[in-house]
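# Working through the structure, step by step
Listed below are the residues making up each chain.
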Amino acid sequence: MKLTIATTFLALVATSAFAADAVQDVPAAPVAAAPAFTWSGPYLGIDGGASWLNGDFSAGGASDSQDFNGGVFGAFAGYNFQFDNNIVVGIEGNLEYNWNEEEALGADVGTDWAGAVRGRVGYAFDRALLYGAAGWTATRGYVDLPGSDKETETFNGYTVGAGVDFAITNNIFARGEYRYNDFGEKDILGVDVDLNQHELKFGIGVKF
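Residues numbered from 1 in each chain as written. Predicted model: local features only at pLDDT ≥ 70, side-chain atom pairs only at ≥ 80, totals over all residues. Heavy atoms only, no water.

### Concerning the overall build of the protein
To keep things clear, this is the line we draw: Under the scheme used here, helices are H or I runs from DSSP no shorter than 4 residues and strands are E runs no shorter than 2 residues, and both carry numbers assigned from the N terminus. For every residue, the accessible area obtained with a 1.4 Å probe (protein chains only) is divided by the maximum for its type, and the residue is called buried under 20%, exposed over 50%, and partly exposed between those limits. Residue contacts are defined here by distance: any two heavy atoms, one from each residue, within 4.5 Å place the two residues in contact. Accessible areas in this description were obtained via Shrake-Rupley with a 1.4 Å probe; residue shielding takes into account the shown protein chains only.
The number of helices and strands found in the protein is one helix and nine strands. Secondary structure elements of the protein, listed N to C terminal, follow the sequence α-β-β-β-β-β-β-β-β-β. Relative to its 208 residues, the protein shows a buried fraction of 36%. The long-range fraction of contacts in the protein, counting pairs at least 24 apart against all pairs at least 6 apart in sequence, stands at 62%. Surface accessibility of the protein: about 11500 Å² in total, with carbon and sulfur atoms responsible for 64%.

So this is what it looks like as structure tokens:
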């Protein structure tokens, strides 16, 4: 009986040791590294801020210059591609509305809708993207003379600017941007109108 008990005890000890060795020999599952953040992909958002529009007007030998300061609000959408060296290139379009009507040469003058298509080049410091942008821009300007119908014209020109996008999460980013728009020159109801604008805008976007 004693021999049987001893044999059984030794067998249990050997089995436990073997099981412990087997557990120790099982390789640990590798921990997957978190994917690096990238700015590549489509995105869209909204932005708003302040605008400072300067207009030069001339008609019948008279001339005037006015500053049209007001608010601006709109939306943007684009696509980025980030290279391995952290250079980011992309294209972006935006549409916005301006509130900036003033009086010049006895008429109410201003702009309302504006838009742009721009190329962007930047450098990514992880979640911060510093960029410059330039491209084509257009706005709808109008002149409203007393006793006459309101006349509108589409101005076309160029835009340049710079800004920073900062990723709050992997999909949400905040934006601050300065932009200069030269909308060119048009004749509206016999009034020669030349427009250029400075904008300072802040926004929030979603990256997909």
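### Remarks on the pattern of salt bridges
Where charged atoms from two side chains of opposite charge come close, those side chains can pair. The criterion, for reference: Only one rule defines a salt bridge in this text: a Lys or Arg side-chain nitrogen within 4 Å of an Asp or Glu carboxyl oxygen.
Inspection of the entire model under this criterion finds ten salt bridges. Between Arg118 and Glu177 there is a salt bridge, with its nearest N and O atoms 2.9 Å apart. A residue pair is termed long-range when its members are at least 10 positions apart, and Arg118 in strand 5 (residues 107-125) and Glu177 in strand 8 (residues 172-188) qualify at 59 residues. This pair shows no difference in class: Arg118 is buried, exactly as Glu177 is.

### Topic: the packing of aromatic side chains
By convention here, two paired aromatic rings are described through the distance between centres and the angle between planes. This is how it is decided: Aromatic rings from Phe, Tyr and Trp, taking only the six-membered ring of Trp, are treated as a pair when their centres fall within 6.5 Å; an angle between ring planes under 30 degrees marks them as stacked, one over 60 as edge-to-face, and anything in between as tilted. Charge-over-ring contacts are defined here by two conditions on Lys NZ or Arg CZ: a distance within 6 Å of the ring centre and an angle within 35 degrees of the ring normal.
Summed over all chains, the structure comprises eleven aromatic pairs. Taking the centre distance of 5.8 Å and the plane angle of 70° together, the rings of Phe57 and Phe68 count as edge-to-face. Of the two residues, Phe57 sits in strand 1 (residues 41-59) while Phe68 sits in strand 2 (residues 62-82), which places them eleven residues apart along the sequence. When its relative accessible area of 1% is taken as the criterion, Phe68 is described as buried. Aromatic side chains Tyr158 and Tyr180 sit 6.4 Å apart centroid to centroid with 55° between the ring planes, which places their arrangement in the tilted category. Of this pair, Tyr158 sits in strand 7 (residues 151-167) while Tyr180 sits in strand 8, and the two are 22 residues apart along the sequence. Joined through ring pairs, the aromatic side chains of Phe37, Trp39, Tyr43, Phe76 and Phe173 make up one cluster. Over the face of the ring belonging to Tyr142 we find Lys150, whose NZ or CZ atom lies 4.0 Å from the ring centre. A cation over an aromatic ring shows up here: Arg175 above the ring of Phe76, its NZ or CZ 4.2 Å from the ring centre.

### Some remarks on the nonpolar core
To keep things clear, this is the line we draw: For the purposes of this section, nonpolar cores are sets of buried Ala, Val, Leu, Ile, Met, Phe, Trp, Tyr and Cys residues that join through side-chain atoms within 4.5 Å.
Counting 13 residues, the largest nonpolar core has Phe57, Val109, Val143, Phe155, Val193 and Leu195 as the members making the most contacts within it. Going through the elements one at a time, strand 1, strand 5, strand 8 and strand 9 (191-207) are the ones with two or more residues in this core. Counting residues per element, this core draws most heavily on strand 9, which supplies three residues. Those residues in contact with Leu195 that sit more than four places away from it in its chain are Leu53, Asn54, Gly55, Thr111, Phe155, Asp182, Phe183 and Gly184. One finds Tyr43, Ala124, Leu129 and Phe173 within the second-largest nonpolar core, a separate group that totals nine residues.

### Quick look at the confidence of the model for the protein
What counts, and what does not: Here pLDDT means the predictor's own confidence in every residue, given as a number from 0 to 100.
Taken residue by residue, the protein gives an average pLDDT of 87. The fraction at 70 or more is 83%. When pLDDT is averaged over each element of the protein, strand 3 (residues 87-99) comes out on top at 98 and helix 1 (residues 2-25) at the bottom at 50.

### Observations regarding the pairing of strand 8
Note the cut-off: Pairing between strands requires that DSSP locate at least two bridges from one strand to the other.
Alignment of strand 7 against strand 8, held across ten bridges, turns out to be antiparallel. Looking at strand 8, one finds that Val164 is bridged to Gly176. Counting the residues in the hairpin turn of strand 7 and strand 8 gives four residues. For strand 8 and strand 9, the ladder comprises 16 bridges, and the chain directions are antiparallel. Paired with Asp182 across the strands is Asn196, a residue of strand 9.

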